[in-house]
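The primary structure of each chain is shown beneath.
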Amino acid sequence: MSLISLEGAGKDFGLRVLFADLNLHVGERERLGLIGPNGAGKSTLLRVLAGVEPLDRGQRRCSPRLKVVLLNQDPVLEADLTVIEQVRSGCAETLALLEQHQQLSQALADDPANGVLQSRLSQLHEGLEAGQGWTLERRCQEVLARVGLRDPQQRVGDLSGGNRRRVALAAALVAEPDVLLLDEPTNHLDADGVEWLQGWLDRFRGALVLVTHDRYLLDRVTRRIVAVEAGEARGYEGNYATYLARRAEEEEAQIAGAARFRCSLRRELAWLRQGPKARSTKQKARLQRIEAMREQPVRQAKAALQMGSTARRLGKRAIEAENLAIQVGDRLLLEEFSHDFGPEDRIGIIGPNGVGKSSLLDAIAGRLAPTSGRLELGSTVRLAYFDQHSAALQPVDAGRGGERKVIDVVQEEASRVEVDGVELSASQLLERFLFPPAQQHQPVARLSGGERRRLHLCRLLISAPNVLLLDEPTNDLDVATLTVLEDFLEDFQGCVVVVSHDRWFLDRTVDRLFSFDAGRLRRFEGNYSGYLEHQLAKAAASQAMTPSSPLAAAGAGPDPYPAAAEGRSAPAMPRRRSFRETRELAAIERDLPAWEERRQLLENQMALPAGSDYGELEALSHELANLLERIASAEERWLELSDLAG
């Protein structure tokens, strides 16, 4: 049964078509993921499904009694409400029932024999039971704690932008609607919060439509993908991994089809160039076919973001921290941190929101003075800081006044740059970052959040850094851009320090983690999946050693919101290869064929009739033994690394 239907739906944004002739049905228990590049129309499509954005063409159908809740990227909240009041605001029916129940209970206390009051109270009780009304307060408190909001009585108007987003997310989840529409719900959540949200969405009884850059969440929660791009919306049954496989098959088929078409057209044109006698047979029909082939539109390959290497050489010393302490106001965020960051380090910084991750990057970048200790950068360090708020992209030119244009942002850093050995102008570099010439002279203020982040990346890379600090780089970037960024970091010749809650991104880009723990940084060798497995194993071992609590012994019911991060219900994530492991695998695949050739050569030499030089034979035998041991070890390691997700 379809809950919401779009039929022949079309929506334009100025001269750009976001989607046209779209037929989309959201069914009961739907698990639908919307993906596509920034600006393709995903958020607009969510608003259309919610009924808050009108269509230019087509129609939207749904039941008027359907409860639909939309989480916007920029939610509108009541500034004068407290956090708990805002979260409860989506449960107006339940709150009304609770108030009626209280009034009837008071009336029945004054008139215990009133049968009418007894009957109405019984009906209300059943309604509250069916709608989980009795647990509303507990659910509000639980969800607020899980998304990282500790003060339910704080005024909404006093919250930061990130905390306002968390309040809006909590309100959407507590409302438990028939259809839940979520636009980037993981922004501003820490890794534990994302793990918990994934478990909550798995158990959600309504229909879900999700826009997210978190590919683990997308892969594990969705069962259908709709790709929105270039005015089209195409559906794929299955999760994100299935979608990737299908798209790869489609692209291969398109390439093969285009090659066959070009080959056929070449043959027809060759026939056309022959003399009149050679082309006399069925000439008219064939000429018409050639003309039709020439006019047939060729599907253009979509523009792809290109990030080339511009890094400068980095010496043996990148960043040195010794007994570092950071205090903001009266809060001690970090103490006694010492570490030497090497020239090829790939380090992730993780921990709950507010513990000091961004403050540590600010200190490394020189924006925040450490309270004590020593922090030094190497003499050859060229540092670039991709901060959360893209602070370098102010919409107004402070020096000259007036609006700042897209191309101004890049030209302020350099008018020309060498990328992968090719010299590019600022305009050419912007085109590589998917800013066409027509957009390069638009004001920065008119860019979307994702476009601003992409422009910030372009500005950073033109400076040819060899140390990159990335603070929540996945926020507002689409999946395609993230994939290109991950590939760039894999080949980047320099040191990378990442603060992120995106588990997929951490798995692909880091091989060492520092986790905040009560003002200390705990070191872990490996990527995020390995860290999570380690934490789950620790939790399981601790639980096995702890006697059952009296509550558990009394047969208490299960926790309605189990904490995935605490190891009680989290599905094990397949561990992905780290940066160093990816390089190691590539090296093994490069070296093994050469070693096999050498083994064959040694065996052939030893099979020749023995001469008088037994010393040479002994040397060959010794080399062969060492080589066989090296090959066996490499093959075993290759199998181990190949089993990890790439």
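Model, not experiment: these values are computed from the prediction.

**A word on the overall build of the protein**
Stage number 1. A count of helical and extended segments in the protein gives 20 helices and 20 strands.
Stage number 2. The 646 residues of the protein split such that 44% are buried.
Stage number 3. Pairs at least 24 apart in sequence give 69% of the contacts found in the protein among residues at least 6 apart.
Stage number 4. Carbon and sulfur atoms form 50% of the exposed surface of the protein, whose accessible area is close to 32800 Å².

**Description of the confidence of the model for the protein**
Stage number 1. Confidence in the prediction for the protein averages 80 pLDDT; 80% of positions are at 70 or higher.
Stage number 2. Taken as a whole, residues 549-572 scores under 50 in pLDDT and shows 36 contacts with residues more than four places along the chain or in a different chain.

**Some words on the packing of aromatic side chains**
Stage number 1. A complete count under the given rule lists ten aromatic pairs for this structure.
Stage number 2. With a centroid separation of 6.5 Å and 70° between ring planes, the pair formed by F337 and F341 is classed as edge-to-face.
Stage number 3. Taking the relative accessible area as the measure of exposure, F337 reaches 5% and is therefore buried.
Stage number 4. Residue classification places F341 among the buried positions, given a relative accessible area of 4%.

**Some points on the sheet that holds strand β10 (residues 319-328)**
Stage number 1. Pairing is antiparallel across the open sheet formed by three strands, whose spatial order is β11-β10-β13. Looking along the sheet, the strands with just one partner apiece sit at the ends: β11 (331-341) and β13 (372-377). Averaged over neighbouring strand pairs, the angle between their axes works out to 25° when direction is ignored.
Stage number 2. With seven bridges connecting them, β10 and β11 associate as antiparallel partners. Bridge pairing in β11 places I319 opposite F341.
Stage number 3. The sheet contacts of helix α11 (residues 357-364) involve β10, β11 and β13, and relative to β10 the element is tilted by about 125°.

Quick notes on the rules
- Here the residue index of a chain counts from 1 through its sequence in written order.
- Local features in this predicted model are restricted to residues whose pLDDT is 70 or higher, and side-chain atom pairs enter the listing and the counts only when it is 80 or higher, whereas totals over whole chains, interfaces and linings include all residues.
- The side-chain quantities take in all heavy atoms of the structure and omit both hydrogens and water.
- Working definition: helices are DSSP H or I runs of at least four residues, strands are E runs of at least two. Numbering for both runs from the N terminus.
- Categorising residues by exposure relies on relative accessible area from a 1.4 Å probe, with only protein chains included: less than 20% of the type maximum marks a residue as buried, more than 50% marks it as exposed, and the intermediate range marks it as partly exposed.
- We call two residues contacting when some pair of their heavy atoms lies within 4.5 Å.
- Under the convention used here, a 1.4 Å probe and the Shrake-Rupley method define accessible areas, while residue burial counts only the protein chains that appear.
- Along the chain, pLDDT gives the predictor's confidence residue by residue, from 0 to 100.
- Two rings from Phe, Tyr or Trp (for Trp, the six-membered ring) form a pair when their centres are within 6.5 Å of each other. A pair whose planes differ by under 30 degrees is stacked, one over 60 is edge-to-face, and the rest are tilted.
- Paired strands, in this sense, are two strands between which DSSP finds at least two bridges.
- Helix axes use the C-alpha atoms of the stretch in contact, all axes being lines fitted to C-alpha atoms, and the angles between their N-to-C directions lie in the range 0 to 180 degrees.

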